[in-house]
Amino acid sequence: MEFSQYNVNALMHITPRPELVFTEGKGMWMTDHQGKRYLDYLQGWAVNCLGHSPDCIREALVEQSSKLLNPSPAFYNAPMAELANMLTTHSCFDRVFFTNSGAEANEGAIKLARKWGQLNKNGAFEIITFDHGFHGRTLATMSASGKPGWDTIFAPQVTGFPKADLNDIASVEKLINANTVAVMLEPVQGEGGVIPASSSFMQELRALTKKHNLLLIVDEVQTGMGRTGELFGYQLSGIEPDIMTLGKGIGGGVPLAALLCKEEVACFVPGDQGGTYNGNPLITAVGIAVLKSLIAPGFLEEVKEKSAYLSQALTQLSERFGLEGERGEGLLRALMLGSDIGARLVEVARDMQPIGLLINSPRPNLLRFMPALNVSYEEIDTMISMLGQVIQQVQAEQAATSSPT
Ligand SMILES: *Cc1c(COP(=O)(O)O)cnc(C)c1O
């Protein structure tokens, strides 16, 4: 089928998209409408933690869809309870509220912190967030994000999110006042360009928030569910936050997210929070299948080994082409390009023949890699070799345009 036959014009134009329609995916590979295959280092934006269409998700969907889709959020269902118990068993948290997206989980975290502030801190409501942070696309989570202009483009937005600088504890301390109720951050800023919060910063933040009786909220929508090599990113620094949000990988490709908190913070009462699809058994059954895979013996050890392998391969690539190194945690990594060639690399990689490579450039001077957590060593080698060809081609183009003969 030709691209024009799909007639995409009835869709709102919310992002520039290439003229491709993806029709199938398996593991690290995806196929477009013309049958061309792509090695996929986006994986639905770090969503498909077990790759495209893993058997365990298909089986969970088939089995649960023949039993019960949605009894309504007014009733308990078995998968919802089981997944909540698995999450509290494997984290430092005691209570879970399921949502359908990361932004919705973060909205819930913001509401929970404000409620706690009403009950415990004379109505304190300000949540300190960070420059370059990303928390979602609802009005409040856009305001909480540190993207320039995001707190005003749909004004009037939600106030009460002063911005500090990541890895700079003094910049946080300076913003604390009687209205402050919490500090919220990503353990690794994902959309901001894969910038890890250092362990020492996370520890200082925990001490500072304890000292001032503030909540520490980690947005682990991108870093949670094994992405960093630990089940949750906060475990890298040995601290215990008060609130955590999960998304992306928790559903392995289906819309599932969660808000978790410690018992002392679980202050919602009936009427405060809810949602039609929240905790429905179809999707939480998938969450159980995904989490079982991640906690299987040896799985996270392999993630760590593969991330070391990917890190080393990216470092070698950087040396070979005179780039500026790599960074990240686990299988959330970035290659620093040293110049603004990210968008061009993405395009050339995608258009390679006979197979394409899907990568992402959240900032013009870097590439981000978020493979499936069960990516093979061979699929890492293939990506590195394809990327080498792409960098070579784009560097040659740049050289030709900067010194015309
Ligand atoms: C993707 C992301 C979100 C938003 O999640 P959605 O499911 O797109 O709403 C929030 N926080 C972080 C850290 C993310 O990476």
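Rules and cut-offs
Residues numbered from 1 in each chain as written. Predicted model: local features only at pLDDT ≥ 70, side-chain atom pairs only at ≥ 80, totals over all residues. Heavy atoms only, no water. Domains from an automatic or database assignment. Buried area = accessible area lost by both parts, 1.4 Å probe. Salt bridge = Lys/Arg side-chain N within 4 Å of Asp/Glu carboxyl O. Polar contact = N/O pair within 3.5 Å; in protein donor to acceptor, adjacent residues only side chain to side chain. Helix = DSSP H or I, 4+ residues; strand = E, 2+ residues; numbered from the N terminus. Nonpolar A, V, L, I, M, F, W, Y, C, P; charged D, E, K, R; others polar. Near = heavy atom within 4 Å. Areas by Shrake-Rupley, 256 points an atom, 1.4 Å probe, with all protein chains shown as cover. Buried < 20%, exposed > 50% of the residue type's maximum accessible area, 1.4 Å probe, protein only. Contact = heavy atoms within 4.5 Å. Axes fitted to C-alpha atoms, helices over the stretch in contact; angles between N-to-C directions. Parallel < 35°, antiparallel > 145°, perpendicular 65-115°, else oblique. Left-handed = near helix turned anticlockwise from the far one by under 90°. Disulfide = S-S within 2.5 Å. Phe/Tyr/Trp six-rings, centres within 6.5 Å; stacked < 30°, edge-to-face > 60°. Patch = residues over 30% accessible without salt bridge, like charges linked within 9 Å, V, L, I, M, F, W, Y side chains within 5 Å.

Trainee: Requested: an account of the domain arrangement of the protein, with residues and values cited.
Mentor: The assigned domain composition of the protein is domain 1 (55-294) and domain 2 (298-375). Once you take the C-alpha centre of each, domain 1 and domain 2 turn out to be 26 Å apart. When domain 1 packs against domain 2, the two sides together hide about 1700 Å² of surface, and 59% of this comes from carbon and sulfur. Applying the counting criterion to the domain 1 and domain 2 interface returns two salt bridges. Between Arg368 and Glu191 there is a salt bridge, with its nearest N and O atoms 2.9 Å apart. Linking domain 1 to domain 2 there are nine residue pairs in polar contact (both at pLDDT 80 or more). Put simply, the parts of the chain that give the side of domain 1 that touches domain 2 at least two residues each are strand S9 (195-196) and helix H8 (281-295). Tallied by class, the residues present in the side of domain 1 that touches domain 2 amount to eight nonpolar, ten polar and three charged.

Trainee: Report on the site of the ligand, specifying residues and quantitative values.
Mentor: With respect to spatial proximity, the complete set of residues near the ligand consists of Ser101, Gly102, Ala103, Asn106, Phe134, His135, Gly136, Glu186, Asp219, Val221, Gln222 and Lys248. In this structure, Phe134 approaches the ligand through a main-chain N or O atom, which is 3.3 Å from a nitrogen atom. For the ligand, an oxygen atom lies 2.6 Å from a polar atom in the side chain of Lys248. Coverage of the ligand by the protein chains reaches 81% of its 380 Å² of free accessible surface. Of the residues contributing to the shell around the ligand, the split by class is three nonpolar, six polar and three charged.

Trainee: How would you sum up the environment of Met1? Please name residues and give values.
Mentor: Looking at where Met1 falls in the secondary structure, it is placed in the segment before strand S1 (22-26). A relative accessible area of 53% places Met1 in the exposed class. Discounting residues that sit within four places of it in the chain, Met1 has contacts with Tyr6, His33 and Gln34.

Trainee: Please give an account of the pattern of salt bridges that cites residues and values.
Mentor: Overall, the coordinates contain 16 salt bridges when judged by the stated rule. Asp55 is the partner of Arg58 in a salt bridge, and the nearest nitrogen-oxygen pair spans 3.2 Å. Here Asp55 and Arg58 lie together in helix H2 (residues 55-65), a separation of three residues that amounts to about one turn. Classification of Arg58 as partly exposed rests on a relative accessible area of 47%. On the basis of relative accessible area, Asp55 is assigned to the partly exposed category, the value being 39%. Here Arg344 ties to Glu397 by a salt bridge, and the two come within 2.8 Å at their closest N and O atoms.

Trainee: How would you sum up the packing of helix H9 (residues 299-321) against helix H11 (residues 377-402)? Please name residues and give values.
Mentor: Where H9 meets H11, the axes come as close as 11 Å, and the angle between the chain directions of the two elements is 20°. One finds that H9 runs roughly parallel with respect to H11. Crossing of H9 against H11: the hand is right-handed. Here Glu305, Lys306, Tyr309, Leu310, Ala313, Leu314, Leu317, Arg320 and Phe321 of H9 lie close against H11, whose contacting residues are Tyr377, Ile380, Asp381, Met383, Ile384, Leu387, Gly388, Ile391, Gln392 and Gln395. Among the residues making up the contact of H9 with H11, the classes are represented as twelve nonpolar, three polar and four charged.

Trainee: Outline the state of the cysteines, supporting the account with residue identities and numerical values.
Mentor: In this structure the tally under the stated criterion is zero disulfides. Cys92 carries a free sulfur, and the closest cysteine sulfur to it, the one in Cys261, is 10 Å from it. This cysteine, Cys267, is not joined by any disulfide, and Cys261 carries the nearest cysteine sulfur, 7.5 Å off.

Trainee: Give a detailed account of the packing of aromatic side chains, specifying residues and quantitative values.
Mentor: What characterises a pair of aromatic rings is the spacing of the ring centres plus the angle enclosed by the ring planes. Tallying each qualifying case throughout the model produces seven aromatic pairs. Seen in terms of ring centroids, Phe22 and Tyr38 are 5.1 Å apart; in terms of plane orientation they differ by 70°. Their pairing is edge-to-face. One end of the pair, Phe22, is in strand S1; the other, Tyr38, is in strand S3 (residues 37-40), with 16 residues separating them in the sequence. The exposure class assigned to Tyr38 is buried, which follows from its relative accessible area of 2%. Geometrically, the ring pair formed by Tyr41 and Phe369 is edge-to-face, given 6.4 Å between the ring centres and 80° between the ring planes.

Trainee: Before we move on, can you summarise a nonpolar patch on the surface with the specific residues and values?
Mentor: Residues Leu139, Ile153 and Phe154 make up a contiguous nonpolar surface patch of roughly 310 Å² in combined accessible area. For Ile153, the position within the fold is in the loop between helix H5 (139-144) and strand S6 (163-164).

Trainee: Account for unusual backbone geometry, naming residues and giving values.
Mentor: Cis geometry is found at the peptide bond from Ala155 to Pro156, where omega equals -5°. Looking at the element boundaries, Pro156 is found in the loop between H5 and S6. Cis rather than trans, the peptide bond between Gln353 and Pro354 has omega equal to 0°. Inspection of the secondary structure puts Pro354 in the loop between helix H10 (342-351) and strand S15 (356-358). Positioned with a positive phi, Ser72 is a non-glycine residue whose angle comes to about 95°.

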